[in-house]
Amino acid sequence: MAISSSSSSVLKIMLLLFSAVVGSGQLSPTYYARSCPKALSTIRAAVQSAVSSEKRMGASLLRLHFHDCFVQGCDGSVLLDDTSTFTGEKTAGPNQNSIRGFDVIDNIKKQVEAVCKQTVSCADILAVAARDSVVALGGPTWTVKLGRRDSTTASLSQANSDIPSPTSDLNVLISAFSKKGLSTSDMVTLSGGHTIGQARCTVFRTRIYNETNIDSAYAASLKSNCPSTGGDNNLSPLDVQTPVTFDNNYYNNLVIKKGLLHSDQQLYNGGSTNTQVNTYTRNPAKFSNDFAAAMVKMGDISPLTGTQGQIRLNCRKTN
Ligand code: HEM
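Here the structure is a predicted model, which means the values were calculated and not measured.

Student: Please clarify how the overall build of the protein should be interpreted in this entry.
Tutor: Helix and strand counts for the protein stand at 14 helices and two strands. Relative to a compact globule of 319 residues, whose C-alpha radius of gyration would be 20 Å, the protein shows 21 Å and is just as compact. C-alpha extents for the protein along the principal axes are approximately 80 × 45 × 35 Å. Expressed as a percentage of the 319 residues in the protein, the buried residues total 43%. Restricting the contact set of the protein to residue pairs at least 6 apart, pairs at least 24 apart contribute 76%.

Quick look at the structure:
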């Protein structure tokens, strides 16, 4: 008896050491089960409340996680404010005047800190908030892997180079995702995030005035709120049919040339990704399943784990 319990303790210690060494890069769905059992329900309630006050916020929170993961991995770097001695990512081209939701993240972080002090990272909050946002707007759910830690650094230059541009052609979009370990198919699936949310006139003006692979009535209706000069910040929905519902209409739009961004329509412009778009128009359940799996994959991009980074007390600044 004594032998078996001591040998089982030795085994446990060995397992712990093994997982500390070998598994340090592993995220786990149950990471906060013991250290902060209320973390997930706290985040969910706050996201539900924010999205019910403003539906677009669900889109904005989804995008924050994407912009976090594509720069240095999913490490909360996107949340860091600029200071006189620190340059964050918020003024990067794809982010400035565009990414939003920071106050909602601050509020979630405050509530999570109140239940478990310095336990839940800002990077994990972004990953869970993205999932809860999609669910709040009627989309699929998935199990978020947890245990990311927060960066003490940010990269303005990587935010400018690695977040894909709406003027990109298909081959450039494929490369941008491939650089992050995501396949062309993941790229087409994750672009379905554009079934919710809004874009500014400045990012689709060239498309609606100069491109030919756009439905002419759709282009005309967009022009009324996006003049050829001025109105740069005027908003239009990325999904003209159901802008606050997470569904497969993004793909239904593409096949009738109603993609809002140049980059959107690139997925259905006679190239290699046409077939996947067609599949998603016919099979919304497949899109839901694939989206859930691709979000898990995106959430796995180069996380900080173990003793790397830190758990920030305030998502806007390092400790
Ligand atoms: C494929 C490459 C992508 C490009 C070129 C791209 C580009 C853009 C642009 C230009 C906007 C409008 C920003 C503005 O005008 O302020 C936007 C909005 C948005 N993007 Fe993407 N995006 C891409 C992929 C993704 C992915 C992978 C997701 C999430 C899975 C995503 C989620 C969103 C959402 C939800 C919005 C609306 C945000 C809001 O209303 O606040 N995008 N994107």
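Student: Explanation requested: the site of the ligand in the structure shown.
Tutor: Ser-60, Ser-98, Gly-193, Gly-197 and Arg-200 are the nearest of the 27 residues found near the ligand. Breaking the shell around the ligand down by element, the ones donating at least two residues are α3 (56–69), α8 (184–191) and β1 (198–200). Among the elements that take part in the shell around the ligand, α3 stands out by supplying six residues, more than any other. Broken down by class, the residue content of the shell around the ligand amounts to 13 nonpolar, 10 polar and four charged. Each of domain 1 (39–163) and domain 2 (170–294) accounts for three or more of the residues forming the shell around the ligand.

Student: Would you explain unusual backbone geometry in this entry?
Tutor: A negative phi holds for most residues other than glycine; trans holds for most peptide bonds. Positive phi is not limited to glycine here, since Gln-118 has a value of about 45 degrees. Look at Ser-302: it is not a glycine, yet its phi comes out positive at around 30 degrees. Counting through the fold element by element, Ser-302 comes out in the segment after α14 (284–299). The class of Ser-302 is partly exposed, set by 14 C-beta atoms lying within 10 Å.

Student: Please explain the nonpolar core as it appears in this structure.
Tutor: For soluble globular proteins, nonpolar side chains are generally found buried alongside one another. Core analysis: the biggest nonpolar cluster contains 68 residues, and Ile-43, Ile-125 and Ala-129 have the highest contact counts within it. Ranked by the residues each element gives to this core, the list is headed by helix α5 (residues 122–136), at 10 residues. Two domains each donate at least three residues to this core, and these are domain 1 (39–163) and domain 2 (170–294). Residues within four places of Ile-43 in sequence aside, it is in contact with Ile-108, Val-112, Ile-125, Val-128, Ala-129 and Asp-132. Formed by nine residues, the second largest nonpolar core is a distinct cluster that contains Cys-201, Val-203, Ile-208 and Leu-238.

Student: What is the right way to read the UniProt feature "domain: Plant heme peroxidase family profile" (unreviewed entry) in the protein from this model?
Tutor: As recorded in UniProt, the sites labelled "domain: Plant heme peroxidase family profile" (unreviewed entry) are residues 26–319. As a span, residues 26–319 carries 47% helix and 2% strand, and end to end its C-alpha atoms are 24 Å apart.

Student: Mind showing me how you'd approach the packing of helix α7 (residues 170–178) against α8 here?
Tutor: Each pair of packed helices can be summarised by the angle the axes make with each other and by the distance between the axes. Following both chains from N to C, one finds α7 and α8 inclined at 100 degrees, their axes separated by 9 Å at the closest point. On the basis of their axis angle, the class for α7 and α8 is roughly perpendicular. Touching Leu-173, Ile-174 and Phe-177 of α7 are Thr-184, Asp-186 and Met-187, all from α8. Across the contact of α7 with α8, the residue classes break down as four nonpolar, one polar and one charged.

Student: Sorry if this is basic, but what is going on with the packing of α8 against α14 here?
Tutor: Their axes nearest at 9 Å, the elements α8 and α14 cross at an angle of 110 degrees. On the basis of their axis angle, the class for α8 and α14 is roughly perpendicular. Like other packed secondary-structure pairs, α8 and α14 cross with a definite hand, here left-handed. For the pair α8 and α14, contact is made by Asp-186, Thr-189 and Leu-190 and by Asp-290, Phe-291, Ala-294, Lys-297 and Met-298, respectively. For the contact of α8 with α14, the residue count by class is four nonpolar, one polar and three charged.

Student: Looking at this structure, how should I read the domain arrangement of the protein?
Tutor: You'll often see interface size given as the accessible area lost when the parts meet. Once the domains are mapped, the protein shows domain 1 (39–163) and domain 2 (170–294). Each of domain 1 and domain 2 has a C-alpha centre, and the two are 23 Å apart. The leading source of residues in the side of domain 1 that touches domain 2 is α3, at seven residues. Its residues assigned to classes, the side of domain 1 that touches domain 2 shows eight nonpolar, six polar and four charged.

Student: Looking at this structure, how should I read the environment of Asn-234?
Tutor: Relative to the elements of secondary structure, Asn-234 occurs in the loop between α10 (216–223) and β2 (235–237). Sequence-wise, Asn-234 and Thr-202 are 32 residues apart; in three dimensions their C-alpha atoms are separated by 8.1 Å. Leave out the neighbours within four places in its chain, and Asn-234 touches Arg-200, Cys-201, Asn-225 and Cys-226.

Student: Just checking my understanding: could you explain α8 for this structure?
Tutor: Structurally, the α-helix is built with 3.6 residues per turn, so residues lying three or four positions apart point the same way. Along α8, the residues that are buried comprise Asp-186, Met-187, Val-188, Thr-189 and Ser-191. Where α8 is buried, its residues meet α7, α12 (262–266), α13 (274–282) and α14.

Conventions we followed
- Residues numbered from 1 in each chain as written.
- Predicted model: local features only at pLDDT ≥ 70, side-chain atom pairs only at ≥ 80, totals over all residues.
- Helix = DSSP H or I, 4+ residues; strand = E, 2+ residues; numbered from the N terminus.
- Rg over C-alpha atoms; globule rule 2.2 N^0.38 Å.
- Buried ≥ 20, exposed ≤ 12 C-beta atoms within 10 Å, placed from the backbone.
- Contact = placed C-beta atoms within 7 Å.
- Near = placed C-beta within 6 Å.
- Nonpolar A, V, L, I, M, F, W, Y, C, P; charged D, E, K, R; others polar.
- Domains from an automatic or database assignment.
- Core = buried A, V, L, I, M, F, W, Y, C linked by C-beta atoms within 7 Å.
- UniProt positions renumbered as here; feature names shortened; annotations may be inferred.
- Axes fitted to C-alpha atoms, helices over the stretch in contact; angles between N-to-C directions.
- Parallel < 35°, antiparallel > 145°, perpendicular 65-115°, else oblique.
- Left-handed = near helix turned anticlockwise from the far one by under 90°.

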